[in-house]
Amino acid sequence: MTQANRQDIVTSSSRNQALRDGIADTFAKAMTQLCADDLLRYTWIRYLPVKSDYPWDEYWTGLYERIKSKVIETPLM
């Protein structure tokens, strides 16, 4: 769900919050699949978001934290 001007998303939307959780789950699953590939095994790290690269608002910080927790609990190394 986007704002009326289509320049941002509605961060309070339950749909967008569910999508944020799904993004973190999908990210962890994709990283697991990269680790299973001999050529891509050590490339997954380059796709991790860097918290200091952008002044993230609360919604995007939540995504960062969810991805971080998924990576910690997923055996990737």
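The rules we used
- Residues numbered from 1 in each chain as written.
- Predicted model: local features only at pLDDT ≥ 70, side-chain atom pairs only at ≥ 80, totals over all residues.
- Heavy atoms only, no water.
- Phe/Tyr/Trp six-rings, centres within 6.5 Å; stacked < 30°, edge-to-face > 60°.
- Buried < 20%, exposed > 50% of the residue type's maximum accessible area, 1.4 Å probe, protein only.
- Core = buried A, V, L, I, M, F, W, Y, C linked by side-chain atoms within 4.5 Å.
- Helix = DSSP H or I, 4+ residues; strand = E, 2+ residues; numbered from the N terminus.
- Contact = heavy atoms within 4.5 Å.

A word on the packing of aromatic side chains
Right, so step 1: Within this structure, the stated rule accounts for two aromatic pairs.
Right, so step 2: Between the aromatic rings of Trp56 and Tyr64, the centroid separation amounts to 5.4 Å while the plane-to-plane angle is 85 degrees, which identifies the pairing as edge-to-face.
Right, so step 3: Under the relative-accessibility criterion, Tyr64 is labelled buried at 15%.
Right, so step 4: With 4.8 Å between their ring centres and 85 degrees between their planes, Tyr59 and Trp60 make a pair best called edge-to-face.

Re the nonpolar core
Right, so step 1: In terms of nonpolar packing, the biggest core is built from ten residues, these being Ala24, Phe27, Met31, Leu34, Cys35, Trp44, Leu63, Ile67, Val71 and Leu76.
Right, so step 2: Elements with a minimum of two residues in this core: helix H1 (14–36) and helix H2 (58–73).
Right, so step 3: Here this core takes five residues from H1, the largest share from any one element.
Right, so step 4: Among all residues touching Leu63, those that are not within four sequence positions of it are Arg20, Ile23 and Ala24.

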